[in-house]
Amino acid sequence: MTIRATVVGAGGLGGPLALALGAARIELAIVDPDAVEISNLHRQIHFTTLDVGKPKASVLAGAVVAQGGSAKGYQLRWTAEDADDISSDSDIIVDGSDDPETKFAVADWAVATGRPYVI
C-alpha cells in the first residue's frame with residue numbers, strides 16, 4: 001500500500017519533514033511558492049548555494065528522489081482552491097508553512113475533506 005502525503009512548505013520545517021517522510025517511502029507532493037534565497041541557507045540546511053534562485057519545492061523534491069523516495073514539487077501557494085488538484089489523493093497533510101493564512105487554509109480543507117493533518 002502506498003501512503004501519500006502533501007507537505008506544505010519546503011523551508012526550515014517542511015524540508016526536514018519531507019526528507020524524513022521520503023526516507024520512509026511515503027510518496028510526497030511538496031508545495032511552496034518561494035525560491036531559495038541566500039538568507040535561507042543558515043536555517044534551511046537541505047539547500048546549498050547552488051540552489052539559490054531555484055524553486056524550493058522542486059529542489060526539495062529532487063533531494064527526496066535522489067535519496068530513493070518519490071516526490072513532486074509544486075511552486076505555488078497552497079490554497080483551498082488548488083487543494084483538490086494537488087492533495088486529493090493524499091492520505092495526510094503536513095503543514096510546515098510559515099504563513100497563518102496558509103495554515104488556516106490547510107486546516108479548513110483537511111477538516112472539510114476528513115483528511116488528517118499535522119501542523
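Anyway, here's the lowdown on the structure attached to this text. All figures in this text were calculated on a predicted structure; none of them were measured in a lab.

**What about helix α4 (residues 100-113)?**
Step number 1: For α4, with 14 residues, the first-to-last C-alpha span of 20 Å sits near the 20 Å given by 1.5 Å per residue.
Step number 2: If you check which residues of α4 are buried, you get Thr102, Ala105, Val106, Ala107, Trp109 and Ala110.
Step number 3: Among the residues trailing α4, glycine 114 stands out with phi positive, at a value near 75°.

**Notes on the environment of glycine 114**
Step number 1: With respect to the secondary-structure elements, glycine 114 resides in the loop between α4 and β5 (117-118).
Step number 2: Given a relative accessible area of 61%, glycine 114 falls into the exposed group.
Step number 3: Along the sequence, glycine 114 and aspartate 91 sit 23 residues apart, while their C-alpha atoms lie 9.8 Å from each other.

**Description of a nonpolar patch on the surface**
Step number 1: Taken together, the side chains of Val111, Tyr117 and Ile119 make up a nonpolar region of the molecular surface, amounting to roughly 300 Å² of accessible area.
Step number 2: Residue placement: valine 111 occurs in helix α4.

**A closer look at unusual backbone geometry**
Step number 1: At arginine 25, a residue that is not glycine, the phi angle is positive and equals roughly 65°.
Step number 2: Within the secondary structure, arginine 25 is located in the loop between α1 (14-23) and β2 (27-31).

**Re the pattern of salt bridges**
Step number 1: The full count for this structure, using the stated rule, is four salt bridges.
Step number 2: Among the ionic pairs, arginine 4 bridges to glutamate 27, the shortest N-O distance being 3.0 Å. With arginine 4 in strand β1 (residues 4-8) and glutamate 27 in strand β2, this pair connects stretches of sequence that are 23 residues apart.
Step number 3: The class for arginine 4 is partly exposed, based on a relative accessible area of 27%.
Step number 4: When salt bridges that share partners are traced, they join Arg4, Glu27 and Asp89 into one network.

**Comments concerning helix α3 (residues 80-87)**
The periodicity of an α-helix, 3.6 residues per turn, causes residues three or four places apart in sequence to face the same way.
Step number 1: For α3, the complete set of buried residues consists of Ala83, Ile86 and Ser87. The buried residues of α3 occupy an angular sector of 85° when the element is viewed end-on, so they sit on one face. Seen from the buried face of α3, the exposed residues on the opposite side, beyond 90 degrees, are Glu81 and Asp85.

**Re the packing of aromatic side chains**
Step number 1: Evaluation of the coordinates by the stated rule reveals one aromatic pair.
Step number 2: On the basis of an interplanar angle of 75° and a centroid distance of 5.7 Å, the ring pair of tryptophan 78 and tryptophan 109 is categorised as edge-to-face. Highlighted residues: tryptophan 78 in the loop between β3 (71-74) and α3 and tryptophan 109 in helix α4, separated in sequence by 31 residues. Comparing tryptophan 78 with tryptophan 109, the two get one shared label, buried.

About the cut-offs
- Residues numbered from 1 in each chain as written.
- Predicted model: local features only at pLDDT ≥ 70, side-chain atom pairs only at ≥ 80, totals over all residues.
- Heavy atoms only, no water.
- Helix = DSSP H or I, 4+ residues; strand = E, 2+ residues; numbered from the N terminus.
- Expected span 1.5 Å × (residues − 1).
- Buried < 20%, exposed > 50% of the residue type's maximum accessible area, 1.4 Å probe, protein only.
- Patch = residues over 30% accessible without salt bridge, like charges linked within 9 Å, V, L, I, M, F, W, Y side chains within 5 Å.
- Areas by Shrake-Rupley, 256 points an atom, 1.4 Å probe, with all protein chains shown as cover.
- Salt bridge = Lys/Arg side-chain N within 4 Å of Asp/Glu carboxyl O.
- Arc of directions from axis to C-beta.
- Phe/Tyr/Trp six-rings, centres within 6.5 Å; stacked < 30°, edge-to-face > 60°.

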